[in-house]
Amino acid sequence: MSIETCRDYLRARGYEARIQEFGVSSVTVELAAQAVGCESAHIAKTLSFAVDGGCVLIVCAGDAKIDNPKFKAQFHTKATMLTPEQVLSFTGHAVGGVCPFAIERADVKTYLDVSLRRFETVYPAAGNAASAVRLSCAELFSLSNALGWIDVCKNWK
């Protein structure tokens, strides 16, 4: 998967025009915020965790960090991030460009963290480490096929 796969997915749903591609890296929250021209908290970062032999994607605000006790309470397991190779295998996206769009594997579950809800507009990656897409939280929820809003982050309030 790549930005082209993401573009095709978003085009089919009427969101292609919202994709931004940059001539610079957006591989980190800070770099993405600089490229977009927003505060880092508005970057919707997608984190990948191993849960029950599958993958859980948590999309959260750029200033949020996973709270291990909250994660364990939610998923009944320790928060273990996937290796870059596992992320690519599960999502089709390389680390730095992981997004919750066009994921076809049934063993990948996506959730949005409540840390995003304070913003009208957020910017997840669009399939590579030099892209973003401007979305409302409701649009992100729908386009990512999220299973729900959860509270597993800290340091954002």
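Coordinates for the structure precede this section.
Bear in mind the structure is a predicted one, so any value in this text is a computation, not a measurement.

Participant: Any chance you could explain the overall build of the chain here in plain terms?
Facilitator: Scanning the chain from terminus to terminus reveals five helices and nine strands. Secondary structure of the chain in N-to-C order comes out as α-β-α-β-β-β-α-α-β-β-β-α-β-β. Along the longest, intermediate and shortest principal axes, the C-alpha atoms of the chain span 40 × 35 × 25 Å. Taking all 157 residues of the chain together, the buried fraction comes to 52%. For the chain, restricting intrachain contacts to residue pairs at least 6 apart in sequence, the fraction spanning at least 24 positions comes to 65%. Counting only carbon and sulfur atoms, one obtains 50% of the accessible surface of the chain, whose full area is about 7,500 Å². Across the chain, the centroid of the 16 positively charged side chains sits 5 Å from that of the 16 negatively charged ones.

Participant: Got a minute to help me understand helix H2 (residues 29-36) in this structure?
Facilitator: Think of an α-helix as 3.6 residues a turn; residues three or four steps apart then line up on the same face. By the burial criterion, the buried members of H2 are Val-29, Ala-32, Ala-33 and Val-36. All buried residues of H2 project into a common sector of 100 degrees when viewed along the axis, lining one side. H2 presents Glu-30 and Gln-34 as exposed residues on the side facing more than 90 degrees away from its buried surface. Immediately downstream of H2, the backbone of Gly-37 shows phi near 90 degrees, a positive value.

Participant: Hey, could you run me through the layout of surface pockets in this one?
Facilitator: A water-sized probe, rolled over the atoms, reveals where empty space remains. Here the largest pocket defines a volume of roughly 390 Å³. Val-27, Lys-45, Thr-46, Gly-96 and Gly-97 are the residues nearest the centre of the largest pocket, which is lined by 24 residues in total. Elements with a contribution of two residues or more to the lining of the largest pocket: H2, strand S2 (43-51), strand S6 (123-124) and strand S7 (131-133). Per-element accounting of the lining of the largest pocket gives the leading share, six residues, to S2. Here the residues of the lining of the largest pocket sort into 15 nonpolar, seven polar and two charged.

Participant: Any chance you could explain the pattern of salt bridges here in plain terms?
Facilitator: When the charged atoms of two side chains lie near each other, side chains of opposite charge can form a pair. Under the defined criterion, the tally for this structure stands at nine salt bridges. The salt bridge partner of Glu-139 is Arg-18, with a shortest N-O separation of 2.8 Å. In this pair, Glu-139 is assigned in helix H5 (residues 137-143) and Arg-18 in the loop between helix H1 (3-12) and strand S1 (19-21), connecting sequence segments 121 residues apart. Judged by its relative accessible area of 19%, Glu-139 falls in the buried class.

Participant: Quick question: what am I supposed to make of the environment of Thr-121 here?
Facilitator: As for its position among the elements, Thr-121 is in the loop between strand S5 (108-113) and S6. Residue classification places Thr-121 among the partly exposed residues on the basis of a relative accessible area of 23%. Sequence-wise, Thr-121 and Glu-4 are 117 residues apart; in three dimensions their C-alpha atoms are separated by 23 Å. In this view, Thr-121 contacts His-42, Arg-134 and Leu-135; residues no more than four positions away in its chain are not counted.

Participant: How should I be thinking about the packing of aromatic side chains in this particular structure?
Facilitator: Aromatic ring pairs are reported here in terms of the distance separating the ring centres and the angle at which the planes meet. The full count for this structure, using the stated rule, is five aromatic pairs. Aromatic side chains Phe-71 and Phe-75 sit 4.8 Å apart centroid to centroid with 45 degrees between the ring planes, which places their arrangement in the tilted category. Here Phe-71 pairs with Phe-75, and both are found in helix H3 (residues 68-75), just four residues apart, close to one helical turn. In this pair, the class of Phe-71 matches that of Phe-75, namely buried.

Conventions adopted
- Residues numbered from 1 in each chain as written.
- Predicted model: local features only at pLDDT ≥ 70, side-chain atom pairs only at ≥ 80, totals over all residues.
- Heavy atoms only, no water.
- Helix = DSSP H or I, 4+ residues; strand = E, 2+ residues; numbered from the N terminus.
- Buried < 20%, exposed > 50% of the residue type's maximum accessible area, 1.4 Å probe, protein only.
- Contact = heavy atoms within 4.5 Å.
- Areas by Shrake-Rupley, 256 points an atom, 1.4 Å probe, with all protein chains shown as cover.
- Lys, Arg positive; Asp, Glu negative; His and termini not counted.
- Charge placed at Lys NZ, Arg CZ, Asp CG, Glu CD.
- Arc of directions from axis to C-beta.
- 1 Å grid on protein atoms, 1.4 Å probe; cavity = no way out; pocket = protein on both sides within 12 Å on 5 of 7 lines; lining within 4 Å.
- Points joined across faces, edges and corners; volume = space filled by probe spheres on them.
- Nonpolar A, V, L, I, M, F, W, Y, C, P; charged D, E, K, R; others polar.
- Salt bridge = Lys/Arg side-chain N within 4 Å of Asp/Glu carboxyl O.
- Phe/Tyr/Trp six-rings, centres within 6.5 Å; stacked < 30°, edge-to-face > 60°.

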